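# Coordinate inspection notes
So you can see what is in the structure, the chains are spelled out below.
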There are 2 protein chains.
Amino acid sequence: MKKKAGVTLVDVAKLAGVSVMTASRALSGEGYSSEETKAKVQAAAKQLGYIPNALARMMKGAKTNVIGVVVNDLSSSVVNCFVTALSEEVRKVDMDLFIYNSLGDMGGGKGKRLSQMLHGLWDGLVYVLPRMTDDYLETLEKSTSPIVMINYFRHETSLPVVGGDNVNGARDAVSYLLELGHRRIAFVRGSAYTGQSDLRERGYAAALAEAGIALDPELICEGNFQEQMAMEGTRKLLALADPPTAIFAASDAMALGCFNAIREKGLRIPQDISVIGFDDIPAAAMAQPPLTTLRHPFEAMAQAAVQELMRRIKGEPGRRHRIEFPSELVMRESTGPAPAAMPAKRSRARQV
Amino acid sequence: MKKKAGVTLVDVAKLAGVSVMTASRALSGEGYSSEETKAKVQAAAKQLGYIPNALARMMKGAKTNVIGVVVNDLSSSVVNCFVTALSEEVRKVDMDLFIYNSLGDMGGGKGKRLSQMLHGLWDGLVYVLPRMTDDYLETLEKSTSPIVMINYFRHETSLPVVGGDNVNGARDAVSYLLELGHRRIAFVRGSAYTGQSDLRERGYAAALAEAGIALDPELICEGNFQEQMAMEGTRKLLALADPPTAIFAASDAMALGCFNAIREKGLRIPQDISVIGFDDIPAAAMAQPPLTTLRHPFEAMAQAAVQELMRRIKGEPGRRHRIEFPSELVMRESTGPAPAAMPAKRSRARQV
DNA sequence: TTGAAAGCGCTAACAT
DNA sequence: ATGTTAGCGCTTTCAA
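In what follows, the accompanying structure is described. (Residues numbered from 1 in each chain as written. Chains lettered and ligands numbered in written order. Predicted model: local features only at pLDDT ≥ 70, side-chain atom pairs only at ≥ 80, totals over all residues. Heavy atoms only, no water.)

## Quick word on the sheet that holds strand β6 (residues 185-188) of chain A
Residue and element names in this part refer to chain A. This is how the line gets drawn: Each pair of strands is called paired provided DSSP finds at least two bridges between the two strands. Helix and strand assignments come from DSSP, with helices taken as H or I runs of at least 4 residues and strands as E runs of at least 2, each series counted from the N terminus. Contacts are assigned to residue pairs that have any heavy atoms within 4.5 Å of one another. Here the axes come from fitting lines to C-alpha atoms, over the contacting stretch only for helices, and the angles between their N-to-C directions go from 0 to 180 degrees.
Pairing is parallel across the open sheet formed by four strands, whose spatial order is β7-β6-β8-β9. Because the sheet does not close on itself, it has two edges, and the strands there are β7 (220-221) and β9 (274-276). As paired strands, strand β8 (residues 246-249) and β9 are joined by three bridges and run parallel to one another. Bridge assignment links Ile247 to a residue of β9, and that residue is Val275. Here helix α8 (residues 166-179) sits on the sheet and contacts β6, β8 and β9; the angle it forms with β8, its principal contact strand, is near 170°.

What follows is the structure in structure tokens.
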């Protein structure tokens, strides 16, 4: 296989009886060319089944008109929501979008390959909920390609970050539960990679502090943003001597895991126990009962990310280093008033 | 911006005091080069922060080592399962994988752009559950690039197709319900794009025919593979004078939609009504009750697709034109014996 | 309006 | 073990 089977512009030009350059112009519409030659060239192109080689075109102009999105875990609903929103935004600015699934491997192992792909193929990159080593982040910061991150709070970084307001979102969630009369409110953590879980926990602690309720370490349970682990954690929570009357899960997926553990025990949501999530993934609205949660403005965030990226691609200065979007409390049916407390429990709850 | 900011191999070679070619060899490890120069060049590359331009490299060898996956709807769980499985398979053969989300637009509108991207960037393409116009399919068939499709049955095609055995899977599903004593079995259709829904419906019809039960058009309801529409359809099904005792949904997502409508009516699954899905997406196992369904062997199918694609990329003849994988019945808790029939209904059911 | 030449960054093939 | 030449397919000069 010496030659790539494809038809090249040279072939088209030859058939049309013009120079390569003329053919190029006729097909791209850039520069001048008579209607006549244009028609002739287009006919030739069609006849030969000519398809321009994207690579070669990209090599010249520094622009590829492609934006890359890097994710670690495509099966995450949140990631999915962002990717879908980004796809639509990118289309609006007339670029193409390719998604690269690093399968959780960013910086370790073969991560090197990714950072190589990084170059030349894209005009810019969006990292969605990235999960990267510190080394990798450093490499990225040094890179000259335009980069924007979505929801990365693990470290301070010089890269632009578009994110939700996790602290205030979480505070709102917990305040809402407090208003409903809950006092024993559990928190299910997510994994630490993006730093979001920590912020949400901070909001949780802040709301409790404002209400004068001491933090009970028993009520904080480990999680990884996924259903399974939240289910296991909730089982333990429910087995506590003084179990919570409400659970704030750091993600909707985990909130749905809580649902399962709660039902398993024969308890009702929200009569016996309230559950509130974070993110507002599609499954939240479809759950039984529909899940109360905090909504990320996915579309707005995607738009901001793309705009910021385009600005950098065009060489304009970035507008802001960090863009935060407030999360909106979506009240559905998984939250309700705290159940009337039993005397024994009441006394224990008060002791704090 | 005349020059791309990036450091090129020329810069590295200059700094290291060697020729470009030597630098190339030292970095790639191909061909001979002394340890000394290798070290020198690598140091220079590191110092300058050199990143090879993927594009330029691709232009030479006809191979890009990239496989593209084209999907219409990334938010579909089934698509997601395939993409994830493909990502892993592709990694095993040491290629990279990029995902292109056509957002439902394949052949119409800007579809042209996609088919252009097709060229040069990829060594091969996998279309997952494609949703394309006939024109587009024809273009693809004429294309010289290696292409494999997953679960496309809409038309006969010369392209290799890796697919599940929809007819027999559906037949198994319905046979199972029949064994459980169900006689009024509804079917919720999916959208027609890939042709899978039709095949599943055929299996449904076949199983009923084998059991000597006539098809009741009232029991067949429209759907689009998604939760919402199945929910609406199920409401109508349940409002029927002689409602079904079991529902076979053409996808898990729809089966979960059925769940909602059933619960809404205060009915229990599976005591009052059984539900069976198709695909075995992750949410199926986590549902309440866990959903009985037909499992696609995602991993095996992804592997077959990648292997077939690699064979074509390497210029070897494709092994098979069409590779089918049987679906496996996964019995969970959403199916149970048919409820004892009421006299009135019994008689109607018998009339067929 | 068209054409010729140059070169993007890299590597295969052939020298040295 | 290293350097030189040439060329991938296209577009950006510049000249006609």
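After presenting the structure, the write-up continues.
## Details of the protein's contact with DNA strand C
Put simply, the rule is: Put simply, a residue is near a molecule or strand once any heavy atom of it comes within 4 Å of that molecule or strand. Under the rule applied, a polar contact is a pair of N or O atoms within 3.5 Å (in protein, one hydrogen donor and one hydrogen acceptor; residues adjacent in sequence only if both atoms are side-chain atoms). Just so you know the grouping, Ala, Val, Leu, Ile, Met, Phe, Trp, Tyr, Cys and Pro go in nonpolar, Asp, Glu, Lys and Arg go in charged, and all remaining residues, Gly too, go in polar.
If you check the shell around DNA strand C, you find 22 residues, and the closest are A:Thr22, A:Arg25, A:Ser34, B:Leu9 and B:Tyr50. Here DNA strand C approaches the protein such that, of its atoms within 4 Å, sugar and phosphate make up 57%. A:Ser34 is positioned with one of its backbone polar atoms (N or O) 2.8 Å from a phosphate oxygen of DNA strand C. Between DNA strand C and the protein, one listed contact pairs a phosphate oxygen with a backbone N or O atom of B:Asn53 at 3.3 Å. Looking at the surface near DNA strand C, the elements that each hand over two or more residues are α2 (20-28) and α4 (54-60) of chain A together with α2 (20-28) and α4 (54-60) of chain B. The residue inventory of the surface near DNA strand C, partitioned by class, reads ten nonpolar, eight polar and four charged.

## Describing the protein's contact with DNA strand D
Every one of the 21 residues lining DNA strand D counts as a neighbour, but A:Leu9, A:Met21, A:Tyr50, B:Thr22 and B:Arg25 are closest to it. The sugar-phosphate backbone supplies 54% of the atoms of DNA strand D found within 4 Å of the protein. Here a phosphate oxygen of DNA strand D sits 2.5 Å away from a polar atom, N or O, in the main chain of A:Leu9. The separation between a phosphate oxygen of DNA strand D and a polar main-chain atom of B:Ser19 is 2.9 Å. At the level of elements, α2 and α4 of chain A together with α2 and α4 of chain B are the ones that each hand at least two residues to the surface near DNA strand D. Grouping the constituent residues of the surface near DNA strand D by class yields nine nonpolar, eight polar and four charged.

## Some details on the packing of α2(B) against helix α3 (residues 35-48) of chain B
All names here are of chain B. Heads up, the rule is: Note on angle classes: values under 35 degrees are labelled roughly parallel, values over 145 roughly antiparallel, values of 65 to 115 roughly perpendicular, and the remainder oblique.
It is the contact of α2 with α3, at a shortest axis distance of 9 Å, that shows an interaxial angle of 90°. The pairing of α2 with α3 is recorded here as roughly perpendicular in orientation. The segment α2 lies against α3, with Ala23, Ala26 and Leu27 engaging Lys38, Val41, Gln42 and Ala45. Here the contact of α2 with α3 is built from residues that sort into five nonpolar, one polar and one charged.

## A word on the sheet that holds strand β6 (residues 185-188) of chain B
All names here are of chain B. Read across the open sheet, the four strands follow the order β7-β6-β8-β9; overall the sheet is parallel. On the outer flanks of this sheet lie β7 (220-221) and β9 (274-276), each paired with one strand and no other. On top of the sheet, helix α9 (residues 196-210) reaches β6, β7 and β8 (246-249); it is set at about 170° to β6, its chief contact.

## Observations regarding the side chain of A:Thr293
Residues and elements named next belong to chain A. Test applied: Three exposure classes are used, based on accessible area relative to the maximum for each residue type with a 1.4 Å probe and protein chains only: buried under 20%, partly exposed in between, and exposed over 50%.
Within the secondary structure, Thr293 is located in strand β10 (residues 293-295). By relative accessible area, Thr293 is classed as buried at 0%. A polar contact is formed between the side chain of Thr293 and the side chain of Asp252, at a distance of 2.6 Å. A distance of 3.3 Å separates the side chain of Thr293 from the backbone oxygen of Gly277, its partner in a polar contact.

## Section: the packing of aromatic side chains
Ring pairs (aromatic) are described by centroid distance and by the angle formed between their planes. Using the following cut-off: We call Phe, Tyr and Trp rings a pair once their centres come within 6.5 Å, taking the six-membered ring for Trp, and we label the pair stacked below 30 degrees between planes, edge-to-face above 60, and tilted otherwise. Cation placement over rings: the criterion is NZ of Lys or CZ of Arg within 6 Å of the ring centroid and within 35° of the ring normal.
Evaluated as defined, the whole model comprises 14 aromatic pairs over all chains. Look at A:Trp122 and B:Phe98: their rings are 5.1 Å apart centre to centre, the planes differ by 80°, and that puts the pair in the edge-to-face class. Of this pair, A:Trp122 sits in the loop between α6 (111-121) and β3 (124-128) while B:Phe98 is found in strand β2 (residues 96-101), placing the two residues in two different chains. The exposure class of A:Trp122 is buried, given its relative accessible area of 8%. Here the aromatic residues A:Phe187, A:Tyr204, A:Phe248 and A:Phe278 are joined through ring pairs into a cluster of three or more. In this structure, B:Arg131 is placed above the aromatic ring of B:Tyr193, and the distance from its NZ or CZ to the ring centre is 3.8 Å.

## Here we look at empty space enclosed by the protein
Using a probe with the size of a water molecule, rolled over the atoms, empty space left in the structure can be pinpointed. What counts is decided by this rule: The definitions used throughout rest on a 1 Å grid laid over the protein atoms alone, on which a cavity is an enclosed set of points accommodating a 1.4 Å probe that cannot get out and a pocket is an open set flanked by protein within 12 Å on both sides along at least five of seven lines; lining residues are those having an atom within 4 Å of a point. Grid points are joined across faces, edges and corners, and a volume is the space filled by probe spheres set on the points.
For the coordinates displayed, the defined rule picks out six cavities of 30 Å³ or more. As a volume, the second largest cavity reaches approximately 80 Å³. Forming the boundary of the second largest cavity are ten residues, of which A:Ser87, A:Arg91, A:Asp96, A:Leu97 and B:Tyr100 lie nearest the centre. Elements represented by at least two residues in the lining of the second largest cavity include exactly α5 (77-92) and β2 (96-101) of chain A together with β2 of chain B. Among the elements that take part in the lining of the second largest cavity, α5(A) stands out by supplying three residues, more than any other. Split by residue class, the lining of the second largest cavity holds five nonpolar, two polar and three charged.

## Some details on the pattern of salt bridges
Residue and element names in this part refer to chain A. Where we set the bar: The rule for a salt bridge is simple: a side-chain nitrogen of Lys or Arg has to be within 4 Å of a carboxyl oxygen of Asp or Glu.
For the structure on display, the rule yields 34 salt bridges over all chains. Across the pair Arg322 and Glu324 runs a salt bridge whose closest N-O atoms are separated by 3.4 Å. Classification of Arg322 by relative accessible area gives partly exposed; the value is 35%.

## Concerning the environment of A:Ile99
Within the element layout of this structure, A:Ile99 appears in strand β2. A relative accessible area of 0% places A:Ile99 in the buried class. Distance in space between the C-alpha atoms of A:Ile99 and A:Leu74 is 9.4 Å, their sequence separation being 25 residues. Apart from the residues lying within four places of it in its own chain, the contact partners of A:Ile99 are A:Val69, A:Val71, A:Leu74, A:Val83, B:Leu74, B:Leu97, B:Phe98, B:Ile99 and B:Asn101.

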